[in-house]
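# A structural walkthrough
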Amino acid sequence: MSRYKKENLLNALTKFLKHIYLSYIPNAKDNIKQITIKVLFLVCIVSLILSSVFIADYFFQGKQQDKVVEKSREIWNDTQTLEETEKSEETTETEETKPLTQDEKIQLLLAENSDFKGWITIKGTKVDNPIYQTTNNSFYLDHNQNKRKSVYGALFFDYENVITEEKTDQNLVIFGHEMKNGSMFGQLKKYKTIAFYKEHPMFDFSTIYKSSKYKIYSVFLLNSKKDDDNGYIYNIYRNTFANEEDFNSWTSEAFERSVINTNVDVKYGDNIVTLVTCSNDFKDARLIVMARELREGESAYVDTTKATLNPNPRYPEVWYVERGLR
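Residues numbered from 1 in each chain as written. Predicted model: local features only at pLDDT ≥ 70, side-chain atom pairs only at ≥ 80, totals over all residues. Heavy atoms only, no water.

### Considering the overall build of the protein chain
Along the backbone of the protein chain there are seven helices and ten strands. Taking all 326 residues of the protein chain together, the buried fraction comes to 41%. If you take every contact in the protein chain between residues at least 6 apart in sequence, the share linking residues at least 24 apart comes to 63%. Taken as a whole, the protein chain presents about 19000 Å² of accessible surface, with 55% of it coming from carbon and sulfur. (Helix = DSSP H or I, 4+ residues; strand = E, 2+ residues; numbered from the N terminus. Buried < 20%, exposed > 50% of the residue type's maximum accessible area, 1.4 Å probe, protein only. Contact = heavy atoms within 4.5 Å. Areas by Shrake-Rupley, 256 points an atom, 1.4 Å probe, with all protein chains shown as cover.)

Put into structure tokens, the structure is as follows:
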């Protein structure tokens, strides 16, 4: 490039930058109105850039999180072993890869993270995840299953739940974030519609000691602060009951609160799983999905034709207040 062309290019660039400066950057030649407009413009630009970075980071973390969970799914669902078997069609019978036993799967997941305590799968949804437990209910809110910082966190049991070979609590509480991309417990909000419930009335649930199927019997909104319901919070954590009447009283309230009349019964002695996630129905709202274990000899089938929307479910007081109903 000749010296003449370089000078012209430099002059053009200088002229362009000067135009940008005078048009968008507050300077001594501006009056108050122009300065105000330019400041607001710059604030908008900075906000747009920061929002774009945040959104990009959110989805990047989502893809990374999907990869992390997928590795565990390959173990739990044995898909990696099946793929390897398909690729080994020419091997002899003794050389073929055998499917992993349940105990082998559990040992591999424990080797990845010793906090591993179970698995939940709601077929046909994104809920197909390992569940962890530590000494508090805060760590896995912002750490993934590899114990690395993540806004997605991981599914985890209430830290007070007892899960041992000798004893497992009658009611196990599992927490998970309501992620916008549907991961973790992001799809549980769909249970507020009867169509989704009818498609997914059951789920598979395992601890490291036992596997079973569970029938969903109640879906409801719950306050996390007593002030939002006249000083009261329905105790979803209960594990001990004085008698059958006490148990029935507790489950009756869950039915009363449920947005769907599922027609699934609950009996004294049933094992229960309680799923908890956030909801945007009011500030600090929680969405609760409660299910009970399939009983011995019971059909793994739910007659969803009998399910109906509850015309008057019991909501926390704040729900009524925010809608002008109180």
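Continuing now.
### Considerations on the pattern of salt bridges
Scanning all chains against the criterion turns up 21 salt bridges. The salt bridge involving Glu 253 is made with Arg 314; its shortest N-O contact spans 3.7 Å. Placement of the pair is Glu 253 in helix H6 (residues 244–257) and Arg 314 in the loop between strand E10 (308–309) and helix H7 (317–322), with a sequence separation of 61 residues. By relative accessible area, which is 12% here, Glu 253 ends up buried. (Salt bridge = Lys/Arg side-chain N within 4 Å of Asp/Glu carboxyl O.)

### Looking at the nonpolar core
Ranked by internal contacts, the top residues of the largest apolar core, which has 69 residues, are Ile 174, Tyr 191, Phe 203, Phe 205 and Leu 275. At seven residues, the largest contribution of residues to this core is made by strand E6 (residues 211–223). Excluding residues that lie within four positions of it along the chain, Phe 205 makes contacts with Trp 119, Ile 131, Phe 157, Leu 172, Ile 174, Lys 210, Ser 211, Ser 212, Tyr 214 and Val 273. (Core = buried A, V, L, I, M, F, W, Y, C linked by side-chain atoms within 4.5 Å.)

### A closer look at empty space enclosed by the protein
Overall, the coordinates contain one cavity of 30 Å³ or more when judged by the stated rule. Approximately 30 Å³ is the volume found for the largest cavity. Around the largest cavity, the lining residues are Gln 65, Val 69, Asn 129, Pro 130, Tyr 132, Gln 145, Ala 154, Leu 155 and Met 184. Going through the elements one at a time, helix H2 (32–76) and strand E2 (128–132) are the ones with two or more residues in the lining of the largest cavity. Ranked by residues supplied to the lining of the largest cavity, first place goes to E2 with three residues. (1 Å grid on protein atoms, 1.4 Å probe; cavity = no way out; pocket = protein on both sides within 12 Å on 5 of 7 lines; lining within 4 Å. Points joined across faces, edges and corners; volume = space filled by probe spheres on them.)

### Concerning helix H4 (residues 102–112)
Residues that lie three or four places apart on an α-helix share one face, since the helix turns once every 3.6 residues. Of all the residues in H4, the buried ones are Lys 105, Ile 106 and Leu 109. Buried residues along H4 cover an arc of 95° about the axis, so they all sit on one side. (Arc of directions from axis to C-beta.)

### Re the side chain of Asn 113
Along the chain, Asn 113 turns up in the loop between H4 and strand E1 (116–121). For Asn 113, the residues in contact, after removing those within four places along its chain, are Tyr 132, Tyr 140, Gln 145 and Lys 147.

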